[in-house]
Amino acid sequence: MRLGALEAGGTKMVLGVFDETLTQQSYAALPTLIPEQTIPAVLEFFEQNRVDALGIASFGPVNLRACSDSYGTILNTPKLAWQRYPLLEELKDALGVPCAIDTDVNAAALAECTLGAAKGLLNCLYLTIGTGIGGGLFCEGQLVHGLMHPEWGHMLIARHEDDPLLNGVCPYHPNCAEGFASGPSIQTRWGIPAKDLPPDHRGWELEAFYLGQLCVNALMTVSPEVIILGGGVMHQESLLPMVHQTVLKLVNGYIDAEQLPPMEEFIKAPALWPDSGLVGAALLAKKLV
Ligand code: ADP
Ligand code: ZN
């Protein structure tokens, strides 16, 4: 059995073919240009590497309401050429094999729960902290979609009183997580790209303050057994231990010590990085065959 996987990202498309044991057989990466250029290149890959089913882990927002006529269509993205693009339908029609779609972060959560840092658990939240902030939730063994799909990055949070940014960088909300803690917010605040901010810069403490709020809000609402923090910003190694400290401080003893695991076990880096989304796409395909 050959499982096709597509991780459709804002800057690149990652393509893979896996066997039924989830061992990768082929791999390619293409730039995300306009659909008229990118989709033919994706199809060419899967014509040369035939698959029995395809899983798509897509950037969002994407219509995931199974009852909708435009299921699998990209919605209101800043990448204007992709707005209203029927990604699932185009690939399904062209390839003639069963295809499934979910968000890139839901796929990553599925992969980490099946094979990675939350292996065997039924409740896990995968958050990516990069150009944007997004999250995929695996809850009681199911990926959560609900009304649209949860938008963790736009959770409203409290601004730090010493934050030089008065408003976050999100064009919709003055005080959401993405506006205060995404890579671009770090760059706007300090005038330095997040990747170049030194490990001892006080910006990381502020970043931990915001990510800590996101994690505590997640803990108090959907009660994940593990939270996985991925994405480019988490490459800063000093950040994760600071998030641990902030979470403990914000929980403030409310949860019994015997219920809350040690922070190193509760908030973790992804084990499958950078392939969590791609492996998740292959797992979506596996469910179809
Ligand atoms: P995207 O969200 O576009 O898929 P990434 O997850 O790679 O991409 O996130 C990109 C963001 O991560 C950028 O803002 C970049 O500055 C930041 N970043 C990349 N590497 C590092 C690093 N080593 N330390 C901190 N931030 C980083
Ligand atoms: Zn927002």
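Nothing here was measured: the structure is a model prediction, and the numbers come from that model.

Cut-offs and rules
- Residues numbered from 1 in each chain as written.
- Chains lettered and ligands numbered in written order.
- Predicted model: local features only at pLDDT ≥ 70, side-chain atom pairs only at ≥ 80, totals over all residues.
- Heavy atoms only, no water.
- Pairing = 2+ DSSP bridges.
- Helix = DSSP H or I, 4+ residues; strand = E, 2+ residues; numbered from the N terminus.
- Expected span 1.5 Å × (residues − 1).
- Buried < 20%, exposed > 50% of the residue type's maximum accessible area, 1.4 Å probe, protein only.
- Contact = heavy atoms within 4.5 Å.
- Domains from an automatic or database assignment.
- Buried area = accessible area lost by both parts, 1.4 Å probe.
- Salt bridge = Lys/Arg side-chain N within 4 Å of Asp/Glu carboxyl O.
- Donors = N, O, S within 2.8 Å, 3.2 Å for Na, K, Ca; no water.
- Tetrahedral: all angles 85-135°; square planar, octahedral: opposite > 155°, others 65-115°.

Caption draft 1: Broad picture of the sheet that holds strand β9 (residues 226–230). Here we have five strands laid out as an open sheet, ordered β8-β7-β6-β9-β10, and mixed in their pairing. Two strands in the sheet have a free side with no partner beyond their single neighbour: β8 (142–143) and β10 (267–268). In terms of strand pairing, β9 meets β10 through two bridges, oriented parallel. Counterpart to Ile227 in the pairing with β10 is Ile267.

Caption draft 2: View of helix α7 (residues 239–251). The end-to-end C-alpha separation of α7 is 18 Å, in line with the 18 Å expected for 13 residues at 1.5 Å each. Those residues of α7 not exposed but buried are Leu239, Leu240, Val243, His244, Thr246, Val247 and Val251. Turning to α7, the residues buried within the fold contact α6 (203–222), β9, α8 (263–266) and β10. Positioned one or two residues after α7, Asn252 has a phi angle of 55°, which is positive.

Caption draft 3: Quick look at the domain arrangement of the chain. Assigned domains within the chain: domain 1 (3–104 + 274–286) and domain 2 (117–268). Between the C-alpha centres of domain 1 and domain 2 there is a distance of 27 Å. On the domain 2 side, the residues contacting the nine residues of domain 1 number nine residues. Carbon and sulfur atoms supply 50% of the area buried between domain 1 and domain 2, which totals about 610 Å² over both sides. If you sort the residues of domain 1 by the area they bury against domain 2, Leu64, Arg65 and Asp102 come out on top, with a joint share of 52%. If you look at where domain 1 meets domain 2, you find zero salt bridges.

Caption draft 4: Expanded view of the coordination of the zinc ion (ligand 2). Donor atoms from the polypeptide that coordinate the zinc ion (ligand 2) comprise His154 (ND1), Cys170 (SG), His173 (ND1) and Cys176 (SG), at 2.1 to 2.4 Å from the metal. With four donor atoms in place around the zinc ion (ligand 2) and angles of 103 to 116° between them, the coordination shape is tetrahedral. The motif formed by the donor residues of the zinc ion (ligand 2), counted along the single chain, is H-x15-C-x2-H-x2-C. Residues Cys170 and Cys176 agree in their burial class; the two are buried.

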